[in-house]
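Summary of the model geometry
For reference, the chains in residue letters:
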Amino acid sequence: MNESQHISAWINRPAIDVYRFAADPELLPQWAAGLASGELTRVGDTWVAQSPMGEITIEFTPANDLGVLDHVVNLPSGESVFNPLRVVPAGAQWCEVVFTLRRRPEMTDADYTADAAAVAADLATLKRILER
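Residues numbered from 1 in each chain as written. Predicted model: local features only at pLDDT ≥ 70, side-chain atom pairs only at ≥ 80, totals over all residues. Heavy atoms only, no water.

So, the overall build of the protein chain
From N to C terminus, the protein chain includes three helices and eight strands. Its C-alpha radius of gyration of 14 Å places the protein chain within 12% of the 14 Å reference for a compact globule of 132 residues. Its C-alpha atoms put the protein chain at 40 × 35 × 25 Å along the principal axes. Sorting the 132 residues of the protein chain into buried and exposed places 42% on the buried side. At a minimum sequence separation of 6, the contacts of the protein chain that also span at least 24 residues come to 45%. Carbon together with sulfur atoms contributes 54% to the accessible area of the protein chain, which is approximately 7,200 Å² in total. In the protein chain, which carries 10 positive and 18 negative side-chain charges, the distance between the mean positions of the two groups comes to 6 Å. (Helix = DSSP H or I, 4+ residues; strand = E, 2+ residues; numbered from the N terminus. Rg over C-alpha atoms; globule rule 2.2 N^0.38 Å. Buried < 20%, exposed > 50% of the residue type's maximum accessible area, 1.4 Å probe, protein only. Contact = heavy atoms within 4.5 Å. Areas by Shrake-Rupley, 256 points an atom, 1.4 Å probe, with all protein chains shown as cover. Lys, Arg positive; Asp, Glu negative; His and termini not counted. Charge placed at Lys NZ, Arg CZ, Asp CG, Glu CD.)

The structure is reproduced here in structure tokens:
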């Protein structure tokens, strides 16, 4: 099944500020509860985290000037999920954070809807933190 949706949040902060915060794996538990809870541990080029799905590893795109925060999540099942994530500048003070949620083949409608809600909640938390 080829299905995806773009979930976004507009944030009233310069894109570089949002990128720097969101790109720091150690800050991930503060805003991405749908992905990780508790402390992340670095093991080589990957990060290990506890998630609602169990222990996962996360591989992040190297730091860049393009606002690309793509990451691969390796699930306890052994499945690897590529997650496109972008911080898109919109003038000097605003940016849009866009996550592309891709439906995995085994996902039910309820699972896909729940995943979308979790991503939207995470982006809302990111917005709330950065707009303080």
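Some details on the pattern of salt bridges
This structure, assessed with the given rule, holds eight salt bridges. Across the pair arginine 104 and glutamate 79 runs a salt bridge, and its minimum N-O distance is 3.3 Å. Separated by 25 residues along the polypeptide, arginine 104 in the loop between β8 (94-102) and α3 (109-130) and glutamate 79 in the loop between β5 (71-74) and β6 (80-83) bring together distant segments of the chain. Owing to a relative accessible area of 24%, glutamate 79 belongs among the partly exposed residues under this scheme. (Salt bridge = Lys/Arg side-chain N within 4 Å of Asp/Glu carboxyl O.)

With respect to helix α1 (residues 15-22)
For α1, every residue scored as buried is listed here: Ala15, Val18, Tyr19, Phe21 and Ala22. Along the axis of α1, the buried positions cluster into a sector of 165 degrees, meaning they face one direction only. In the core, the buried residues of α1 are packed alongside β1 (4-11), α2 (28-31), β7 (85-90), β8 and α3. (Arc of directions from axis to C-beta.)

Things to note about the sheet that holds strand β3 (residues 46-51)
Ordered by their spatial adjacency, five strands build an open sheet running β2-β3-β4-β5-β6, and the pairing between neighbours is antiparallel. Among the strands making up the open sheet, the edge pair consists of β2 (37-43) and β6. Geometrically, the sheet is characterised by an average inter-axis angle of 25 degrees between neighbouring strands, direction not taken into account. Bridge analysis of β3 against strand β4 (residues 54-60) gives five bridges, and the strand direction is antiparallel. Residue alanine 49 lies in a different strand from β4, and its bridge partner there is isoleucine 56. (Pairing = 2+ DSSP bridges. Axes fitted to C-alpha atoms, helices over the stretch in contact; angles between N-to-C directions.)

What to know about α3
Between its terminal C-alpha atoms α3 stretches 32 Å, which fits the 32 Å expected from 22 residues at 1.5 Å a residue. Those residues of α3 lying buried are Tyr112, Ala116, Val119, Asp122, Leu123, Thr125, Leu126, Ile129 and Leu130. Close packing links the buried residues of α3 with β1, α1, α2 and β8. (Expected span 1.5 Å × (residues − 1).)

Coordinates in, geometry out; function isn't part of it.
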